[in-house]
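# Residue-level structure breakdown
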Amino acid sequence: MENGVLYIVATPIGNVEDLSPRAKRTLDEVDLVLCEDTRVSSKLFSKLGINTPRESFHQHTEREKLSRFVDRLLSGENMALVSDAGTPTISDPGGKLVAEAAASNIKVVPIPGPSALITALSASGFPSDEFTFLGFAPNKKGRNKFFANLALIERTIAIYESKHRIIKTLEALPQDRRIVVARELTKMHETIYRGLPADVIKQIESTSAKGEFVIILAPISHELKAIS
Ligand code: SAM
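Residues numbered from 1 in each chain as written. Predicted model: local features only at pLDDT ≥ 70, side-chain atom pairs only at ≥ 80, totals over all residues. Heavy atoms only, no water.

For the rest of this paragraph, the subject is the sheet that holds strand β5 (residues 107-111). Spatially, 5 strands are ordered β3-β2-β4-β1-β5 in an open sheet, and the strand pairing comes out parallel. Taken across any chain shown, the strands that pair with only one partner, and hence form the sheet edges, are β3 (54-56) and β5. Put simply, the sheet's adjacent strands are angled 25 degrees from each other on average, direction ignored. As defined by bridge partners, strand β1 (residues 5-9) adjoins strand β4 (residues 79-82) across 3 bridges and the pair is classed as parallel. Directly across from I8, in β4, lies its bridge partner L81. Across the face of the sheet, helix α1 (residues 21-29) comes into contact with β1, β2 (32-35), β4 and β5 while running at roughly 135 degrees to β5. Helix α2 (residues 38-48) rests against β2, β3 and β4 of the sheet, and its axis sits at about 150 degrees to β3. (Pairing = 2+ DSSP bridges. Helix = DSSP H or I, 4+ residues; strand = E, 2+ residues; numbered from the N terminus. Axes fitted to C-alpha atoms, helices over the stretch in contact; angles between N-to-C directions. Contact = heavy atoms within 4.5 Å.)

Below is the structure:
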């Protein structure tokens, strides 16, 4: 029997209309969808009328369970991997599964779509021919070192942040570096803040902004006039 295929399917980061027709068809046609959180994906799937069976696959999924999924792929089942939002494996679970599938000669097919990182970068106006993506800043251990290192990275930098720590993180950035903060992308309260960290902090505090954020730092050499 032929091996199944593992599809890595990007899902909306807010606006349901951003799910591509190819992503929808793939989610409809596979035998099983592996979800970071089945409850989160079920909300999206019920809006879209997708009834495919689903099982959870997250960062704490044990090795045995991962191996069972690989065995099922090897026995011919087709599977899709989705995260709660955006592109799976980008600061999200699934990297080990992809690596294991590839090592077992299972075909891995990415179905591209939304990612908060690229969406924010595309609206930043900062150079993006090359950039450094750092994911989330560490919560405790290594946090000071993380922020000290930013000053050593000359190119554009992208960081993910949640509503809980956005102000703390903005305060810890190099204060002379222009930033763009993209909040709630593709959602009703989408806002793009621009300026020095202190300006953006004021703007965010004045609107008691909540939500999810991507922070983009301009490269060290960036001209102020380029984004004003
Ligand atoms: N894999 C996802 C992707 O490709 O976008 C990212 C997953 S990561 C666990 C979640 C983080 O992505 C959030 O804390 C936030 O930094 C960012 N994010 C996700 N959705 C967002 C949105 N609609 N607006 C702004 N940032 C978002």
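Okay, the site of the ligand next. Residues in contact with the ligand amount to 19 residues; listed here are only the nearest, I90, D92, A116, L185 and F213. Within the contact set of the ligand, a nitrogen atom lies 2.9 Å away from a backbone nitrogen or oxygen of I13. Contact between the ligand and E184: a nitrogen atom at 3.4 Å from a main-chain N or O atom of the residue. For the ligand, whose accessible area on its own is 570 Å², the fraction buried by protein is 92%. At the level of elements, β7 (156-161) and β10 (213-217) are the ones that each hand at least two residues to the shell around the ligand. Its residues assigned to classes, the shell around the ligand comprises 10 nonpolar, 4 polar and 5 charged. (Near = heavy atom within 4 Å. Polar contact = N/O pair within 3.5 Å; in protein donor to acceptor, adjacent residues only side chain to side chain. Areas by Shrake-Rupley, 256 points an atom, 1.4 Å probe, with all protein chains shown as cover. Nonpolar A, V, L, I, M, F, W, Y, C, P; charged D, E, K, R; others polar.)

Here we take up the nonpolar core. L170, L173, V181 and I204 are the most contacted members of the largest nonpolar core, which has 20 residues in total. Mapped onto this core, the elements with two or more residues apiece are α6 (143-150), β7, α7 (166-172), β8 (179-183), α8 (197-206) and β10. Filtering out sequence-adjacent residues up to four positions away, I204 remains in contact with I166, I167, L170, V181, Y193, A209 and F213. In this structure, V5, V30, C35 and V109 belong to the second largest nonpolar core, which totals 15 residues. (Core = buried A, V, L, I, M, F, W, Y, C linked by side-chain atoms within 4.5 Å. Buried < 20%, exposed > 50% of the residue type's maximum accessible area, 1.4 Å probe, protein only.)

What α8 keeps buried is the set P197, V200, I201 and I204. Each buried residue of α8 sits inside an arc of 105 degrees when the element is viewed along its axis, so together they form one side. Projecting away from the buried face of α8 at angles above 90 degrees are the exposed residues K202 and S206. Structurally, α8 contributes buried residues whose contacts are with α7, β8, β9 (191-195) and β10. (Arc of directions from axis to C-beta.)

Enumeration over the complete set of coordinates arrives at 10 salt bridges. The partner of E130 in a salt bridge is R155, and the shortest N-O contact between them spans 3.6 Å. Of this pair, E130 sits in the loop between α5 (116-122) and β6 (131-136) while R155 sits in the loop between α6 and β7, and the two are 25 residues apart along the sequence. Of the charged contacts in the structure, one is a salt bridge between R165 and E161, with a shortest N-O distance of 3.5 Å. The exposure class of E161 is buried, given its relative accessible area of 3%. Sharing partners across several salt bridges, the network here consists of E55, R72 and E77. (Salt bridge = Lys/Arg side-chain N within 4 Å of Asp/Glu carboxyl O.)

All right, on to the domain arrangement of the protein then. Along its sequence, the protein is carved into domain 1 (5-111) and domain 2 (116-227). Each of domain 1 and domain 2 has a C-alpha centre, and the two are 29 Å apart. Contact residues are listed per partner, giving 6 residues for domain 1 and 9 residues for domain 2. Together domain 1 and domain 2 conceal approximately 550 Å² of surface at their shared face, both sides included; 63% is due to carbon and sulfur atoms. For domain 1, the biggest contributors to the area lost against domain 2 are I13, I90 and S91; these three give 77% of the whole. Here domain 1 and domain 2 share 2 residue pairs in polar contact (both at pLDDT 80 or more) between them. Class assignment of the residues belonging to the side of domain 1 that touches domain 2 gives a composition of 2 nonpolar, 3 polar and 1 charged. (Domains from an automatic or database assignment. Buried area = accessible area lost by both parts, 1.4 Å probe.)

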